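# Notes for the structure review
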Amino acid sequence: MSDENDVVAPTRPQYWRSLDAAAGNTPASRREFPDGADVIEVDDVTRRQFLGIMGASLALAGLSGSACSAIRKPAQEILPYAKRPEDLVPGMPQYFATTAFVGGSVLGLLAKSQDGRPIKVEGNPAHPGSLGGTNAWAQAEVLCLYDPDRSGTPFHGKGAASWDEALGALRGAIDAAKTAGGLGIVMDSRPSPTRRRLVDSIAQQCPGTKLFRTDAWADAAAREAAALVGHAGDVARVDLSTADVIVAIDCDFLGTDGDVVRHARAFASRRVPESPDGARMNRLYVVEPSFSTTGTRADHRLRAKASQGVDFLAALAAQVGLPADAASVSTGRTLAGADAFVAAAASDLKGAGARAVVLVGPRQPAAVHALAALINESLGAVGTTVTWLPDPLPKAQGVVELAAALRAGEVKTLVFLGVNPVYEAAPELGLAELVKAAPFSAHVGNWRDETAAACTWHLAASHWLETWDDLVGSDGRVSFTQPLIAPIHGTSSDNEILARALGDNSDGRALVMATWGFGATGPSEGDWRTALQTGVTSLTPAAVAQATPAPTAAAVPSEAAPAAPAATRDLAVLSAGLAAAAPGEGLELNIVLHPCLADGRYSNNAWMQELPDPMTKLTWGDAAAMSPATAKRLGVSFKERDPLVVDRVTVTLGGRSLELPGLISPGLADDVVVLTMGGGRQDLGRVAKGVGVNACELRQAASPWFAAGATVARAAGRSRLYSTQEHGDLTEPSVGPAFIHPDTPVVRGDLVRETTIAAWAANPQVVRELDVIDPVEEKSLFKDTSPDITEAARGQQWGMAIDLSACVGCNACTIACQAENNIPVVGAERVEDGREMHWIRLDRYYSGSEEDPKAVHQPIPCMQCENAPCEQVCPVAATTHSEDGLNDMAYNRCIGTRYCANNCPYKVRRFNYFNFAAENDAMFRQADTKDDQGYVDKAFQHDAPATLISLQRNPDVTVRFRGVMEKCTYCVQRISRARIDAKVHGDGLVPDGGVTTACQQACPAGAIVFGDLSDTQSRVSRVKASPRNYRMLAELNTQPRTSYLARVHNPNETLEPPAAAPSAHEAAGEHHG
Amino acid sequence: MARIFPRWTNLVPLALAVALPVGAVAAVGGAWYWFSPKYTDVGYQPKQPVAFSHALHAGRLGMDCRYCHDTAERSGYAAVPSTQTCMNCHAVVKKDSALLEKVRESWESGEALRWQRVHMLPDYAYFNHSAHLAAGVGCVSCHGRIDQMEVVQQKEPLSMSWCLDCHGDPTPNLRPRSEITNMTWDAKAAGYDPSKDATRVRAVQPPQHCSGCHR
């Protein structure tokens, strides 16, 4: 390592993945196949004995009975439909356009149905909210649909009840409220005009009805801010495709906050320098307390406490200027030590003018949102990057007002619609007790969660893949949700339940059609069918008013009616808010949405529990993250040589404390401790049970997302984190030349490559110069092993390019792959052993200082090497090369030697140590009895859910058995389908774009391109022709088909002067010497 | 010194020298045949819930295979027909036949008829009917003379080596797409040469790599 350090030019950052590695220690990473990895006790029988027994029983089976009866495959039945539905062709998937509210965003989706089972969702390219992309949450929704722990029946208290009883009770309570009043409806932020119509109708009939909205994406601060700056009743829609300069304050707009899919596509379109849009590359400034994936994409990133966002913004406002009528707004404070950053950001903002935008995250208070809105207005951004649109949601209050109304007895009848405030709200509000004390409370939702437990009634709601609905997208246009499957548990949607409460027995479809007057006062039936087919409409919520008579103003309770737009700004309130938002002293506690579990709605989703957090790489559990300096000050550390065994800490705030593992996480702001939501679910389901802690127990009602005055103290003992941080380390000396000869110095071209737009413009070869050997030196040791891809007669040659300049590190590819390819979940203990099965992983490299590093993500699927090291060591030819350039894996031929995984320099092969796919395998039920030994296998504590979970499986992909090696196949089932389609209907050649891999299709940023390399005009060939294109570990002569495009930054020269050091080429040259 | 072994034991080495090779050859040869699908699978003829006669329908009545197996050209599966397909005719023809009792039950209840699968491939082999029909492989090549079977039985081993025989050299099994369901068409008699068939837009190139069939 030290040799390399001497010759590294400043333009070549040194990359590291963990603090231990950065400190120069050989990562404590265990060997790829740790000792004892293949031993598990099955009823006190070891695997070796087990195999012996198995061998003996097979021999006996062969002896007994005739050969025919022993060897003949078991009889199978074929059950054709009695009446086959029209258009259903067995074996052919059907796609339906639908719309979902996922992660605070309305996504138009194409759901894939195989024989009536929805098994996968893709983005609908025609929908402005998804643009063909999705995120990890949307991909994980199909598993939620088949979750055996999802609620299926109504409950009264702790006992199951019938639908008649539950609906009767709800209707009775609403009827009573029509005279007595005191109704409170607590909703999530799903912008459904039908639900709003029904809620309005209830509110109209029940005097004094109060509406509340308490979910994590309620954006109450932004809505309040809109009123302060003269846009009451509006929400701001941001379009990043027109933004040249973006300043994001505590806003993870590419990760967890709102319209991430749309923003990722727009952002990435401005980061690819070859494209016309990307040539005018945008510049991103990020100010944040935690290190989000948005922070990794920042050209300049400032670590600041969340509470310092207001001071940063005030300093920015002072330099950018505010609209004339609001010029007096000021805090009088600035952010110390950030002058250069503020000046650079301000000058860029002013330079870009209307083509700039300041974004503020939903965790920030209203005054900060308002100040940002004023800056955007002063820049002239309204109309280009920012558009004000009517708010599709009814005016509602927050959880604090809910608690107050319950305490004051103003609300006696409570209906919760898809929200879980008892879990999320600050404990000081005592919401659980207040709800329990309410005379009537009903919870409508997918889960029997904490709020359901506090309510007298729980009504199981259908999953959105089972319901009809309408959703208003961020562009103000509505699109429809249509069911892919009849409710599995016979449940109803919340729209239907509300209608029943009003005495209306229409089904969900009729309710939605009635909202818009389809076939009656509104559009025609034909329009309805077109809307369902395309998944988009041009209808806006204004059309609802025409279709259904609006409630008269007098009859509507004030809370439910949108307030009249304020003509003027409320600058006094704004100034008071800014003054109140002063940064606090001492340690600041931050609660953020979990990048995988979100607000806890995916806590019982095993895919999401095992999906590594993009930054910390944690799975199955959470930790209190803090910067290295803060950890040092607090005395929090980890076990020598084993950085995943960490000190436990007690985090205390406002008299409450929480004990959890402490994690030292580079890039966090100092004096900040970050906790993620979604843990500590005790009764939600079998997957979530006992994983992590509930960060919301430390919530403060006044400032729910961050608060000063926290203390962190070391608690007794240490605990292990389940992290994939050190897995698949490509920098191990055992890989590469040193493997060939131990004395060969390890010299390697950079795995991830970054450059700046200026350096790239000056020298387009700057990326290729990092290659250790020139391309001409790439000679094969083996003759004729690599297919000659120019030889057209050999047919199509598949290849992939991944643009690191577009990748936002969101994990969507990993989950899309998991859903498409039947990839099992292995559980926490197996992750510790390095046995996670993801076929595409997201490597995260830090560079720079431990305190303030940069980070870059790199998705790693199988490279499909033309000269594949794995193929050369397989003793049974289970992995061989196909004529179209794929590195095939024949599962049924694999005998599990694992030589191939050992020999893979990219570490992309995954081995089924156990029969992971059979969840209720008896082996895993042993886990329950071994709890006291710390032997817990959370993913496999299901009793008999196999039939339900297995409905999600993709029938086009083999479900692998124990002892089989597997890996990314470039979605060979999709290639085969496209190839067969081309053979049946065409000339046998798949047109460009005819095959999209699951990762490519899910990628919201469009970072992955796949196609035919033998066609020089295909998109992937054109992308690979870029001088940014490089092949990882090309010096090993593996000839990988997957290549990467270097990430390009666009730094401001005043903050980051261009390097005047020796060029990268000279540096690389010294390597040879 | 007393003899431990009787005199006849002198013949044991000779007997072994003869018996072991013969036994080994017999064991290997036996397993080669009796453990292979040629023996275990060919001739498999399970009893079906309804005594449907292909010999009558496809043979004497001359119905096209695709009237019932209508998805064969569109999908990987040549779907077993729905009860509705049976009733298209049998609502009128032989509508009171005792043999059709179960068909009428299925039609009325909506419950599927439980047919026994005859041609069974392992789950990891992804056979696709539409690709083979598009290439011009006739039904008879894999299924035999269905038109002569009262009860369907398996005629070919459907083993991997049997598949690869054709994937290596498909020409003998190709025919014009118009003759796909013709059970009596003979390539030799017709003098058919696929390379000279003007209706073919591409040469048939069956995959021979693993992922062609295994995914």
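Just so you know, these numbers come straight off a predicted model, no measurement behind them.

## Observations concerning the overall build of chain A
Across its full length, chain A holds 37 helices and 41 strands. Every one of the 1073 residues in chain A was classed for burial, and the buried ones make up 61%. Of all intrachain contacts in chain A linking residues separated by at least 6 positions in sequence, the fraction that spans at least 24 positions is 75%. Accessible surface for chain A amounts to roughly 38,600 Å². Of this, 54% is attributable to carbon and sulfur atoms.

## Things to note about the overall build of chain B
Along its length, chain B carries 10 helices and 1 strand. Its helices and strands taken in sequence order, chain B reads α-α-α-α-α-α-β-α-α-α-α from the N to the C terminus. What you see for chain B is a C-alpha radius of gyration of 25 Å, clearly larger than the 17 Å of a compact globule of 215 residues, by over 25%. The principal-axis extent of the C-alpha atoms belonging to chain B is close to 95 × 50 × 35 Å. Counting across all 215 residues of chain B, residues that qualify as buried make up 40%. In chain B, of all internal contacts separated by at least 6 residues, the share reaching a separation of at least 24 is 69%. Of the charged side chains in chain B, 22 are positive and 19 negative; the average position of the first set lies 7 Å away from that of the second.

## Considering the environment of Ile815(A)
Along the chain, Ile815(A) turns up in helix α28 (residues 812-820). Those residues in contact with Ile815(A), other than ones at most four positions away along the chain, are Ala136(A), Gln139(A), Ala140(A), Trp607(A), Met608(A) and Leu611(A).

## Focus: the packing of helix α6 (residues 163-180) of chain A against helix α19 (residues 494-501) of chain A
Residues and elements named next belong to chain A. Put simply, α6 and α19 touch, their axes get as near as 8 Å, and they point 60° apart. When the axes of α6 and α19 are compared, the pair comes out oblique. As α6 packs across α19, the resulting crossing turns out to be right-handed. Taking contact as the criterion, the partners of Trp163, Leu167, Leu170, Arg171 and Ile174 in α6 are, on α19, Ile497, Arg500 and Ala501.

## Description of the interface of chain B and chain A
Listed per partner, the contact involves 48 residues of chain B and 45 residues of chain A. For the pair chain B and chain A, the summed buried surface comes to about 4,300 Å²; carbon and sulfur atoms form 55% of the total. Of all residues in chain B, the largest losses of buried area upon contact with chain A belong to Met120(B), His209(B) and Arg215(B), amounting jointly to 17% of the total for that side. The interface formed by chain B and chain A includes 2 salt bridges. Close ionic contact of Glu77(A) with Arg114(B) constitutes a salt bridge, the shortest N to O distance being 3.0 Å. Seen at the junction of chain B and chain A, the total is 20 residue pairs in polar contact (both at pLDDT 80 or more). Contributing elements (two or more residues each) for the side of chain B that touches chain A: α2 (37-40), α5 (83-90), α6 (101-109), β1 (115-116) and α7 (129-135) of chain B. For the side of chain B that touches chain A, the per-class residue count stands at 21 nonpolar, 17 polar and 10 charged.

## A word on the sheet that holds strand β4 (residues 105-114) of chain A
For sheets, the rule is that strands pair by backbone hydrogen bonds, running either parallel or antiparallel. Residues and elements named next belong to chain A. Strand order in the open sheet formed by 3 strands is β3-β4-β5, with antiparallel pairing between adjacent strands. A single partner strand is all that each edge strand has here, and the edge strands are β3 (94-102) and β5 (117-123). Each strand axis lies, on average, 35° off the axis of its neighbour in the sheet, ignoring direction. Of the strands in this sheet, β3, β4 and β5 touch helix α5 (residues 136-145), which is tilted by about 170° from β5.

## With respect to unusual backbone geometry
Residues and elements named next belong to chain A. A positive phi angle is found at aspartate 87, which is not glycine, with a value near 75°. Tracing the backbone through its elements, the reader meets aspartate 87 in the loop between β2 (77-78) and β3. With a relative accessible area of 63%, aspartate 87 lands in the exposed category. The phi angle at aspartate 671 is positive, at roughly 60°, despite the residue not being glycine. Relative to the helices and strands, aspartate 671 resides in the loop between β26 (656-664) and β27 (672-676).

## Quick word on the domain arrangement of chain B
By domain assignment, chain B separates into domain 1 (14-39) and domain 2 (72-78 + 118-212). Computed over C-alpha atoms only, the centres of domain 1 of chain B and domain 2 of chain B are separated by 34 Å.

## Side note on the packing of aromatic side chains
All names here are of chain A. Counted according to the given criterion, the structure contains 18 aromatic pairs over all chains. Seen from their ring centres, tryptophan 137 and tryptophan 217 are 5.9 Å apart, and the 65° between their planes marks the pair as edge-to-face. With tryptophan 137 in helix α5 and tryptophan 217 in the loop between β9 (210-213) and α8 (220-228), the pair connects residues that are 80 residues apart, well separated along the chain. Each of the two residues, tryptophan 137 as well as tryptophan 217, counts as buried. Members of the aromatic cluster, each reached through a chain of ring pairs, are Trp468, Phe480, Trp516, Phe518 and Trp528. Between arginine 448 and the ring centre of phenylalanine 155, over which it is positioned, the NZ or CZ distance is 3.6 Å. The aromatic ring of tryptophan 705 is capped on one face by arginine 699, whose charged end is 4.4 Å from the ring centroid.

## Details of the side chain of Arg297(A)
Residue and element names in this part refer to chain A. Structurally, arginine 297 is set in the loop between α11 (293-296) and β13 (300-303). Although buried, arginine 297 forms no salt bridge, and the nearest oppositely charged side chain, aspartate 299, lies 6.8 Å from it. Among the polar contacts listed, one links the side chain of arginine 297 to the backbone oxygen of cysteine 807, at a separation of 2.8 Å.

## Things to note about the pairing of strand β33 (residues 854-860) of chain A
All names here are of chain A. Burial analysis of β33 places 6 of its 7 residues in the buried class, which makes it a mostly covered element. Bridging between strand β32 (residues 841-847) and β33 involves 7 bridges; their strand directions are antiparallel. In the sheet register, leucine 842 faces β33, and the bridge partner there is proline 859. Where β32 folds back on β33, the antiparallel hairpin that results is connected by 6 residues, among which glycine 848 adopts a positive phi of roughly 95°.

## What to know about the nonpolar core
Residue and element names in this part refer to chain A. Ranked by size, the top nonpolar core spans 144 residues in total, and within it Leu589, Met608, Val651, Leu675 and Met1032 carry the most contacts. Once you skip the residues sitting within four places of it in the chain, methionine 608 turns out to touch Ala136, Trp137, Ala140, Cys596, Leu597, Tyr602 and Ile815. Core analysis: the next-biggest nonpolar cluster, separate from the first, contains 75 residues, Val238, Ala268, Cys807 and Ala1005 among them.

## Regarding the sheet that holds strand β31 (residues 798-803) of chain A
All names here are of chain A. The sheet built from 4 strands is open, its strands ordered β38-β31-β40-β39 with mixed pairing. Where the open sheet ends on each side, the last strands, each with one partner, are β38 (1008-1012) and β39 (1029-1030). Note that β39 and strand β40 (residues 1042-1045) share 2 bridges and pair antiparallel. For tyrosine 1030, the partnering residue across the bridge sits in β40 and is tyrosine 1044.

## Some thoughts on the pattern of salt bridges
Residue and element names in this part refer to chain A. All told, the structure shown has 56 salt bridges over all chains when counted by the stated rule. With a closest N to O distance of 3.0 Å, arginine 190 and aspartate 494 form a salt bridge. In this pair, arginine 190 sits in the loop between β8 (183-187) and α7 (193-205) while aspartate 494 sits in helix α19, placing the two residues 304 residues apart along the sequence.

## Focus: α5(A)
For α5(A), the buried fraction is high: 10 of the 10 residues fall into the buried class. Residues of α5(A) that are buried: Ala136(A), Trp137(A), Ala138(A), Gln139(A), Ala140(A), Glu141(A), Val142(A), Leu143(A), Cys144(A) and Leu145(A).

## Observations regarding helix α21 (residues 525-534) of chain A
All names here are of chain A. Taken as a whole, α21 has its buried residues at Trp528, Ala531 and Leu532. Buried residues of α21, viewed axially, fall in a sector of 95°; they line one side. Facing away from the buried surface of α21 by more than 90 degrees, the exposed residues are Arg529 and Gln533. Where α21 is buried, its residues touch β3, β20 (478-481) and α20 (508-516).

## Some thoughts on empty space enclosed by the protein
Residues and elements named next belong to chain A. In total, this model carries 15 cavities of 30 Å³ or more according to the counting rule given. For the largest cavity, the calculated volume is near 990 Å³. What lines the largest cavity is a set of 47 residues, among which Asp219, Ala222, Val235, Ala236 and Arg237 lie closest to the centre. At the level of elements, β4, α8, β10 (234-238), α9 (260-269), β14 (356-360), α14 (366-379) and β15 (386-390) are the ones that each hand at least two residues to the lining of the largest cavity.

## Considerations on the environment of Leu721(A)
Residue and element names in this part refer to chain A. Relative to the helices and strands, leucine 721 resides in the loop between β28 (706-720) and β29 (722-723). In the structure, leucine 721 is positioned 100 residues away from glycine 621 in sequence and 7.4 Å away in space, judged by C-alpha atoms. Here leucine 721 is in contact with Leu618, Asp622, Ala623, Leu644, Val646, Pro661 and Leu663, once residues within four sequence places are set aside.

What counts and what doesn't
Residues numbered from 1 in each chain as written. Chains lettered and ligands numbered in written order. Predicted model: local features only at pLDDT ≥ 70, side-chain atom pairs only at ≥ 80, totals over all residues. Heavy atoms only, no water. Helix = DSSP H or I, 4+ residues; strand = E, 2+ residues; numbered from the N terminus. Buried < 20%, exposed > 50% of the residue type's maximum accessible area, 1.4 Å probe, protein only. Contact = heavy atoms within 4.5 Å. Areas by Shrake-Rupley, 256 points an atom, 1.4 Å probe, with all protein chains shown as cover. Rg over C-alpha atoms; globule rule 2.2 N^0.38 Å. Lys, Arg positive; Asp, Glu negative; His and termini not counted. Charge placed at Lys NZ, Arg CZ, Asp CG, Glu CD. Axes fitted to C-alpha atoms, helices over the stretch in contact; angles between N-to-C directions. Parallel < 35°, antiparallel > 145°, perpendicular 65-115°, else oblique. Left-handed = near helix turned anticlockwise from the far one by under 90°. Buried area = accessible area lost by both parts, 1.4 Å probe. Salt bridge = Lys/Arg side-chain N within 4 Å of Asp/Glu carboxyl O. Polar contact = N/O pair within 3.5 Å; in protein donor to acceptor, adjacent residues only side chain to side chain. Nonpolar A, V, L, I, M, F, W, Y, C, P; charged D, E, K, R; others polar. Pairing = 2+ DSSP bridges. Domains from an automatic or database assignment. Phe/Tyr/Trp six-rings, centres within 6.5 Å; stacked < 30°, edge-to-face > 60°. Lys NZ or Arg CZ within 6 Å of the ring centre and 35° of its normal. Core = buried A, V, L, I, M, F, W, Y, C linked by side-chain atoms within 4.5 Å. Arc of directions from axis to C-beta. 1 Å grid on protein atoms, 1.4 Å probe; cavity = no way out; pocket = protein on both sides within 12 Å on 5 of 7 lines; lining within 4 Å. Points joined across faces, edges and corners; volume = space filled by probe spheres on them.

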